[in-house]
Amino acid sequence: MKVVIRKLNGLWHLIVGSSQIRTPFLDTQDRALVVTYARRAYPGAKIFQRD
């Protein structure tokens, strides 16, 4: 599985396949929080980061 982390409209989003999932983190918060969140939600997934 592939998960892409992206900033969009002031929030961090996870893109999983064709689904875009809003996270509870603002884009001003640290990216490491979002990566940790994605790893917990999707264990074993490859995490890619975009701006």
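Everything below is about the structure printed above this text.
These figures come from a predicted structure and were not determined experimentally.

Caption draft 1: Examining the overall build of the chain more closely. Helices and strands together make up the secondary structure of the chain, namely 1 helix and 4 strands. In the chain, the succession of helices and strands from N to C terminus is β-β-β-α-β. For a compact globule of 51 residues, the expected C-alpha radius of gyration is about 10 Å, and the chain comes in at 10 Å, within 12% of that figure. Reported as C-alpha extents along the three principal axes, the dimensions of the chain are approximately 25 × 20 × 15 Å. Taking all 51 residues of the chain together, the buried fraction comes to 31%. Pairs at least 24 residues apart make up 32% of the contacts formed inside the chain by residues separated by at least 6 positions.

Conventions and cut-offs
- Just so you know, the residues in each chain are numbered from 1, in the order the chain's sequence is written.
- Reporting of local features is limited, given that this is a predicted model, to residues whose pLDDT is at least 70; pairs of side-chain atoms are given and counted only at 80 or more, and all residues count toward the totals for whole chains, interfaces and linings.
- The basis for every side-chain value is the complete set of heavy atoms in the structure, and neither hydrogens nor water enter the calculation.
- A run of H or I in DSSP becomes a helix once it reaches four residues, and a run of E becomes a strand once it reaches two; helices and strands are each numbered from the N terminus.
- As a reference, a globule follows 2.2 Å times the number of residues to the power 0.38, and the radius of gyration itself is taken over C-alpha atoms.
- Exposure classes here rest on a 1.4 Å probe applied to the protein chains alone. A residue is buried below 20% of its type maximum, exposed above 50%, and partly exposed in between.
- Whether two residues are in contact is decided by their heavy atoms: any pair within 4.5 Å suffices.

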